[in-house]
2 protein chains.
Amino acid sequence: MNAELIAVGTEILLGDIVNTDAQLISQGLSELGINVFYQTVVGDNPDRLRHVIETARDRADIVITTGGLGPTLDDLTKETLAAAFGRKMALHQPSLDRIKDFFANIGREMTPNNEKQAWLPEGCTVFTNLWGTAPGCAFEAYGKHVLMLPGPPRECNPMWKECAMPYLYKLAGGCIVSRNIRVFGLGESAMEDRLHDMMERMTNPTIAPYAKVSECFARVTAKADTTEAAEKLLEPVVKEVCGLLGDDVYGVDVDSLEQVVGDGLRQRGMTLAVAESCTGGLLSKRITDVPGCSDYYLGGVCSYSNGVKMDLLDVKKQTLDAVGAVSPEVAEQMAEGVARALGADVGVGITGVAGPGGGTEEKPTGLVYISIWCRGRCHTRKMQSSLGRDRVRNQAASTALDMIRRNLFSSKTGERI
Amino acid sequence: MNAELIAVGTEILLGDIVNTDAQLISQGLSELGINVFYQTVVGDNPDRLRHVIETARDRADIVITTGGLGPTLDDLTKETLAAAFGRKMALHQPSLDRIKDFFANIGREMTPNNEKQAWLPEGCTVFTNLWGTAPGCAFEAYGKHVLMLPGPPRECNPMWKECAMPYLYKLAGGCIVSRNIRVFGLGESAMEDRLHDMMERMTNPTIAPYAKVSECFARVTAKADTTEAAEKLLEPVVKEVCGLLGDDVYGVDVDSLEQVVGDGLRQRGMTLAVAESCTGGLLSKRITDVPGCSDYYLGGVCSYSNGVKMDLLDVKKQTLDAVGAVSPEVAEQMAEGVARALGADVGVGITGVAGPGGGTEEKPTGLVYISIWCRGRCHTRKMQSSLGRDRVRNQAASTALDMIRRNLFSSKTGERI
């Protein structure tokens, strides 16, 4: 079976956004063993959209569209697909109810054009949209399969994984199971180097390396007739990969470093507080991205000015005068200060130059000091990055989390506080 | 004139990489006033590549390809394009010399297949590749223009800007200019409702509505012979759109709400501090996303626990006991408390139930109270959302920023503190 992806949206043709939906869906289809022969992007133009859809209908087994499901006049995907595949449109009452509820909940009036989102091709399988208003759907016609997903990645991403992939899974007739081995502290090429021989040797499961923002992961994927058989194939291979990557592995099939750190703190009954300068609240935001974090997270202080460092975190004026705010000494005083001020077992202090301005020869842009304080003992690291404000900040926050993991939880590391 | 982009590469169809070349080139074409009607991705397969190229030849004025110019057997772009446009291939000696020099410089032997990169369509304009080995090129045939660029972004990016754009600039002789009118406090469909008559009526400039995370924007785009003429067309239309959308417009061609609020505070010489509960540092993170924010941002407190609310922000125990942490009273005390603790002119307090757990009948998930305190006066709003943890938090942070804008900067609003 082969699939063709059609993204509908003038904003992609104008270069306002990049078509990340296509990457996500292509990766998933690759896992399912479905070939993608073409990806097409077309704008909100009825004739050109019809032309692209008819071309895909005539050459692909599966047509997957993203975008064009919204309430406005230029959202034409559903109507055009239904026409090309000989389907009528019908009002789907449960979807309309959901949209009405949505507007009622946010206390806004539902304008009449929103009803359009509840009209779907007759007899289709509806993909409920829990992340926005426009439902997706799938149907079969002329021996082809058609799937429609909303365009915004925050809706497309979960709907692809939770609705569309299981739908296609049934069609594909086999079974694919993956494990993601998450790694921090090792670059993608260094990871690939360690796994190279294994990657060459294996055919089922396969091993593929991937890079993410300031971290990477290895995906191990097995194909078999049943989930159980696939999982049996995975087990020894995942173990071998974890052995080769050692303590740089922070988890298998975990959500994030912040989730792993949170679980570790909860298990040990420990509490956490953070003091941030250059990361400006990003670490606190990431810790609180995890639902239920109030079990272990007490709070944080963003001390962007020196006054706040002194007043709220008890950083010494002499230290600031002598070595400056970006220094290991200030990182340590921030870590200890926030732990004491908030009464936490563990304190984090981050101070640095995120850029783009503010760097000097002695303290260049991208220099960050990170300190972990735990019940009277402290561990500090220096980080230097040249990747720009956003990535410096992200890497500093990740490094702080990773330092907690290695120092407090790991049985192997030598970095123990 | 219109253009079609064709990316050649199986790695895009597998989802290993995202097609950022298409975004880059589309942005540039938009600046040049050249419409992009289609973007296509196809793999390294001769038949499918030929089919895609012939389709583009028959429907576009300009065909631009990325990828498939390398030395290996499956690099077929040049040969296939030349055949589709009736051109012979010829050895381009200066390119061959460059490739030989390249290998001599890195001290590696040039394998014979590398010579393939110096074969180009006869009579083409050669785009010298200073960032890799494969040259790009352009030619005209059958009244169409064909341009080829290498696929790796580090080569495609500079060659597009330094070789291809100047080549097209000469052809284009027209100009397109857009203005983005950024809106908060109005949904996309409500915005379209207000602009509907104008959108129907206008042909140049055009008006298009777009949704972003918790906000939306209207793009007004004009075409003319010169930038000045396009800007002259835009001016009255932008003014009319802003008039229809009123105080919900927070800026035209601005980066973000946090940027607008930061600029407003800087102009007025005011300082800001924030106290966050359910947003957990997100507002602070967004404020510090803006370089130079230390001019007006002193810092913040993430008071995830009640202890921190009392100890650092002076929230009263009686209030917490009487009405609970999620209440307008606590939001107000947090806003005032953080402003006083950090010595800021403006304080923000956010408290709510981000979910997914923690909601009750009286205080459901998605309920958030937001307070702005400014020099002794306070303004508080209640927000209710059902969009899930991430979006509740984002919307709460955006609402806080928007409240600062409306209360402190706007001359029209009735929400003044």
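All figures in this text were calculated on a predicted structure; none of them were measured in a lab.

Participant: I would appreciate a short explanation of helix α14 (residues 389-409) of chain B in the present structure.
Facilitator: Because an α-helix completes one turn every 3.6 residues, residues spaced three or four positions apart along the sequence face the same direction. Over its 21 residues, α14(B) runs 30 Å from end to end, which matches the ideal 30 Å to within 8%, given 1.5 Å per residue. The element α14(B) is largely enclosed, with a buried count of 19 among its 21 residues.

Participant: What's the story with empty space enclosed by the protein in this structure? I'm lost.
Facilitator: Summary: where empty space remains is shown by rolling a probe the size of a single water molecule over the atoms. According to the stated counting rule, one finds 4 cavities of 30 Å³ or more in the structure shown. Within this model, the largest cavity holds a volume of roughly 120 Å³. Taken together, 16 residues make up the lining of the largest cavity; nearest its centre are N19(A), Q39(A), V41(A), N19(B) and Q39(B). In terms of residue count, the dominant contributor to the lining of the largest cavity is strand β2 (residues 35-42) of chain A (3 residues). Here the residues of the lining of the largest cavity sort into 9 nonpolar, 7 polar and no charged. Of the volumes computed, that of the second largest cavity is approximately 70 Å³. Lining of the second largest cavity is provided by 15 residues; of these, S284(A), G300(A), V301(A), C302(A) and C302(B) occupy positions nearest its centre.

Participant: Could you clarify how one ought to interpret the packing of aromatic side chains in this entry?
Facilitator: Two numbers describe a pair of aromatic rings. These are the distance of the centres and the angle of the planes. A full pass over the atoms with the stated rule returns 11 aromatic pairs over all chains. Between F85(A) and F139(A), the ring centres sit 6.0 Å apart and the planes meet at 80°, which makes this aromatic pair edge-to-face. Linking F85(A) in the loop between α4 (77-84) and β4 (89-91) with F139(A) in strand β7 (residues 136-141), this pair joins segments that are 54 residues apart in sequence. What makes F85(A) buried here is its relative accessible area of 1%. Consider the rings of F102(A) and F103(A), whose centres lie 5.4 Å apart with planes at 85°: the pair is edge-to-face. Among the aromatic residues, those joined into a cluster by ring pairs are F85(A), F139(A) and Y142(A). Between the NZ or CZ atom of R48(A) and the centre of the ring of F37(B), over which it lies, the distance is 3.4 Å.

Participant: What's the story with the interface of chain B and chain A in this structure? I'm lost.
Facilitator: Accessible area lost upon the coming together of the parts is a frequently used measure of interface size. The interface is formed by 74 residues belonging to chain B together with 70 residues belonging to chain A. Between chain B and chain A, roughly 5,600 Å² of surface is buried when both sides are summed, and carbon and sulfur atoms account for 54% of that area. In terms of surface lost to chain A, no three residues of chain B exceed L13(B), Q39(B) and Y304(B), which account for 10% of the buried area on that side. Counting across the chain B and chain A interface gives 3 salt bridges. Between D16(A) and R219(B) there is a salt bridge, and its shortest N-O distance comes to 2.1 Å.

Participant: Help me out: how do you make sense of the packing of helix α7 (residues 188-201) of chain B against helix α8 (residues 227-245) of chain B in this one?
Facilitator: Helices that pack against each other are described as a pair by the angle of their axes relative to one another and the distance between those axes. All names here are of chain B. Contact geometry for α7 and α8: axes closest at 9 Å, N-to-C directions at 150°. Classed by the angle they form, the pair α7 and α8 counts as roughly antiparallel. Handedness of the α7/α8 crossing: right-handed. In this structure, α7 contributes M191, R194, L195, M198 and R201 to the contact, and α8 contributes V237, E240, V241, L244 and L245. Taken together, the residues of the contact of α7 with α8 sort by class into 7 nonpolar, no polar and 3 charged.

Participant: Explanation requested: the environment of P328(A) in the structure shown.
Facilitator: Residues and elements named next belong to chain A. Positionally, P328 belongs in helix α13 (residues 328-342). In this structure, the C-alpha to C-alpha distance between P328 and Y369, residues 41 residues apart in sequence, is 5.6 Å. Residues in contact with P328, not counting those within four places in the same chain, are Y369 and T380.

Participant: Would you mind showing me how to read the environment of V252(B) here?
Facilitator: All names here are of chain B. Counting through the fold element by element, V252 comes out in strand β12 (residues 249-252). Considered as a pair, V252 and R182 are 70 residues apart in the sequence and their alpha carbons are 6.0 Å apart. Once residues lying within four places of it in the same chain are set aside, the contact partners of V252 are R179, N180, I181, V238 and C242.

Participant: I would appreciate a short explanation of unusual backbone geometry in the present structure.
Facilitator: Note: most peptide bonds trans; most residues except glycine with negative phi. Here the residue pair N204(A) and P205(A) is connected by a cis peptide bond, since its omega of 0° sits within 30 degrees of zero. Note that P205(A) resides in the loop between α7 (188-201) and β10 (206-212). Here the amide bond leading from G355(A) into P356(A) is cis, since omega sits at 5°, within 30 degrees of zero. A positive phi angle, close to 45°, is found at R375(B), a residue other than glycine. We classify R375(B) as exposed; its relative accessible area is 54%.

About the criteria used
- Residues numbered from 1 in each chain as written.
- Chains lettered and ligands numbered in written order.
- Predicted model: local features only at pLDDT ≥ 70, side-chain atom pairs only at ≥ 80, totals over all residues.
- Heavy atoms only, no water.
- Helix = DSSP H or I, 4+ residues; strand = E, 2+ residues; numbered from the N terminus.
- Expected span 1.5 Å × (residues − 1).
- Buried < 20%, exposed > 50% of the residue type's maximum accessible area, 1.4 Å probe, protein only.
- 1 Å grid on protein atoms, 1.4 Å probe; cavity = no way out; pocket = protein on both sides within 12 Å on 5 of 7 lines; lining within 4 Å.
- Points joined across faces, edges and corners; volume = space filled by probe spheres on them.
- Nonpolar A, V, L, I, M, F, W, Y, C, P; charged D, E, K, R; others polar.
- Phe/Tyr/Trp six-rings, centres within 6.5 Å; stacked < 30°, edge-to-face > 60°.
- Lys NZ or Arg CZ within 6 Å of the ring centre and 35° of its normal.
- Contact = heavy atoms within 4.5 Å.
- Buried area = accessible area lost by both parts, 1.4 Å probe.
- Salt bridge = Lys/Arg side-chain N within 4 Å of Asp/Glu carboxyl O.
- Axes fitted to C-alpha atoms, helices over the stretch in contact; angles between N-to-C directions.
- Parallel < 35°, antiparallel > 145°, perpendicular 65-115°, else oblique.
- Left-handed = near helix turned anticlockwise from the far one by under 90°.

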